[in-house]
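# Coordinate inspection notes
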Amino acid sequence: MTEKKKSLDFSKYYPLFFTIIFVFILFQYSFSSLEAIFYDLRVKYDIGTSYSDNIVIVKMDEESDQFLGETYPYTYATHVRHFKNLINDKPKMIGFTSVFIEPESKVDQTNQNTLKGLIRGFNEQGGFFRFGTDMDAWGEQLPPKDLRDLGYSLSLINVDNAAFAKDDVARRAILNFSGEDSLHLWMANRYRKLTGENELSATSFKGSYYFREADATFVLFRYSTNSLEGKTKIPIIPFHRVVVGNFPKGYFKDKIVIVGPSYISNAADFVLTPFNKEEYKSSKLLLHGLIIDALIKGKTILPIPKNVSYVLCILLALFLSIIISRLNPAHGLLITVLVMLGTIFISYILFLIGGIWIYLTHLVLTVFVVYYIWVPFRAIGEYQRRYAIQEETKLLKKVENLKQNFISLMSHDLKTPVAKISGLADNMLVQRQFANNDGEKNLKSIIDSTKELNKFITSILDLSKIESRNLDLNLVSKDINNVIEQVSNNLKYEASLKNITLDLELGPLYPIQFDVNLMNRVLSNLVENAIKYSGENTEVKVKTWDDDKWVYVEIKDNGVGIPPLDLEHIFDKFYRVKNDDSHRIKGTGLGLYLVKYFVELHGGEITAESELGQGTTFHIKLKNE
């Protein structure tokens, strides 16, 4: 048990530990201002709801004052003219959010009675009329006494000044107050009744909640169109045009008409919305229409409990921690960005489809926290690994240098006794210092063995030079055909022992730059191999030609060929083809490796192709320059 505890490396869990701690610290803050930005972006680009063209706004403003020669809230006579023209166009509903004062004269009283009669007549013909009232420090601002029996409801615009972002932006609608439906809910339900739909109670709206301190039920609503005049889809017409009948016939037919003040000079008539969070440019009158439209269509918002967001944050932190800890930094960053964008996209889709509001701030900040905790730890780990690799590389270089020095010294020291053995054997053979034919045979065997050993030592020395990068080219300008002819002459005796014909088909070539010694070894190795692995009474063919870029050398034999699996590795270091010939024919496995290196050192290429029983062909390309 003690050994197991010692073997556990808890350091790799430190980033995860710190990640969870910081994520829990995030939960202690609401980040409402940042969340409001994400929320308002979803509202501004909400393509999941659309305006259904059922509301018209009639606004009282400075232009109407000037045209009518009156000031708000206008005389009852003007309201009578306005209302007559309005109901003649047969709207379905009319809501007045404007202030009406008590009559100050008999004429005003008479006109008030006339207006009341017009409203009653409109209601009797199947229409719906409602006064919208406001609140001030003294309570609800009620209509005049004689008009109260026509019906009135509170028409407040709620802004976030006590909860959420506290930025005075209108995001919520009041559904009822002290048990009484607001003007918005009242008109929405009457319109639903007129269109054959069921009326909705305040508690039946998705996301609605009761706030005890205000004794009111609220709900977040979705904007069906822009809240700025000039950009909104809701038609807006000045009050004075309705008074004089200057509007197209059917303009108000079957519509909900909201009438009220919208004075640029009166800041209280305007409010901040997600479409304008800096300046008070959205009319409260227009906002009444947007709220009513949202309630008619049930387009409200359901906030997901923050605890759900917290759980999602923890799952997201664990997922990203695993991903970042296992992938390389570039891939980890890519996955992190994709996860963040995916989280934002999914929250937007849920908002569009179902009006579901997921608290996005904690999720986004969780992604940042995970990344900025894991990246330094990954960097430390990478630095430690890099340092270990550097130290290991230094050690390997020292070992490599020792190996190269050992091989070089060993090879040079071996050459001397090998040369002595070969020399003594040659002298004995010349002087006939042996008693019988077996002695001559043994001396020739000694001489052949020393030659093979000398070739092996030379190959090891070349390999040592290659690996230590100490091999330099001694380039001269020469015809490659001359080297091929020299190699062919040197190997005629070996070819004659197996009755192999060396067929040279050498095209006319210009001199090119190459190291004569190295190229001699390349060609000698390839031609000698062709002779070794070819059967008796066969042919080895060497062919040359050129074009503008390359000089080509082709060496072809009629030997046993090379299996496809071995053909892929014939240029590998110390690799020899596994067949009967490889046991009979001596070799180091370095010949073709050195051939390929020497050719590529000249900027050339070498390839091989072979078929079993048909022979092998080597193709060399050297630069024609």
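Structure: above.
Residues numbered from 1 in each chain as written. Predicted model: local features only at pLDDT ≥ 70, side-chain atom pairs only at ≥ 80, totals over all residues. Heavy atoms only, no water.

### Some words on the sheet that holds strand E19 (residues 539–546)
Pairing within the open sheet is mixed, and its five strands lie in the order E17-E19-E20-E22-E21. Each of the sheet's edge strands pairs with one partner strand only, and the pair in question is strand E17 (501–506) and strand E21 (605–611). The mean angle between the axes of side-by-side strands here comes to 10°, regardless of whether they run parallel or antiparallel. Here helix H14 (residues 480–490) sits on the sheet in contact with E17, E19, strand E20 (550–556) and strand E22 (615–623), set at roughly 175° to E17. (Pairing = 2+ DSSP bridges. Helix = DSSP H or I, 4+ residues; strand = E, 2+ residues; numbered from the N terminus. Axes fitted to C-alpha atoms, helices over the stretch in contact; angles between N-to-C directions. Contact = heavy atoms within 4.5 Å.)

### Structural notes on the pairing of strand E1 (residues 55–60)
Of all six residues that make up E1, six are buried, and the element is covered over most of its length. The two faces of E1 match: Ile55, Ile57 and Lys59 on one face and Val56, Val58 and Met60 on the other face are all buried. Sheet topology note: the E1/strand E11 (residues 256–261) ladder contains six bridges and is parallel. Bridge assignment links isoleucine 57 to a residue of E11, and that residue is isoleucine 258. Where E1 meets strand E10 (residues 236–238), three bridges bridge the pair, whose relative direction is parallel. When the bridges of E10 are listed, isoleucine 57 appears paired with isoleucine 236. (Buried < 20%, exposed > 50% of the residue type's maximum accessible area, 1.4 Å probe, protein only.)

### A few points about the side chain of histidine 240
Considering the arrangement of structural elements, one finds histidine 240 in helix H8 (residues 239–243). Residue classification places histidine 240 among the buried positions, given a relative accessible area of 5%.

### Observations concerning empty space enclosed by the protein
Sizing a probe to match a water molecule and rolling it over the atoms shows the empty space that remains. Under the defined criterion, the tally for this structure stands at two cavities of 30 Å³ or more. Within this model, the largest cavity holds a volume of roughly 50 Å³. Lining the largest cavity, in full, are Ile484, Val487, Ser488, Leu502, Leu504, Leu523, Val527, Val542 and Ile555. Of all the secondary-structure elements, those providing two or more residues to the lining of the largest cavity are H14, E17 and helix H16 (516–533). Classifying every residue of the lining of the largest cavity by side-chain character gives eight nonpolar, one polar and no charged. As for the second largest cavity, its lining consists of Ile57, Lys59, Glu229, Ile236, Ser262, Ser283 and Leu286. Here the residues of the lining of the second largest cavity sort into three nonpolar, two polar and two charged. (1 Å grid on protein atoms, 1.4 Å probe; cavity = no way out; pocket = protein on both sides within 12 Å on 5 of 7 lines; lining within 4 Å. Points joined across faces, edges and corners; volume = space filled by probe spheres on them. Nonpolar A, V, L, I, M, F, W, Y, C, P; charged D, E, K, R; others polar.)

### Thoughts on the pairing of strand E2 (residues 93–96)
Residues Met93 and Gly95 point to one face of E2 and Ile94 and Phe96 to the other, with burial holding for every one of them. Handedness of the crossover is the feature at issue here: the chain leaves E2, passes through helix H6 (residues 106–124), returns alongside strand E3 (residues 128–136), and the resulting connection is right-handed. For E2 and E11, the ladder comprises four bridges, and the chain directions are parallel. Looking at E11, one finds that glycine 95 is bridged to isoleucine 258. (Right-handed = clockwise from strand over helix to strand, strands pointing away.)

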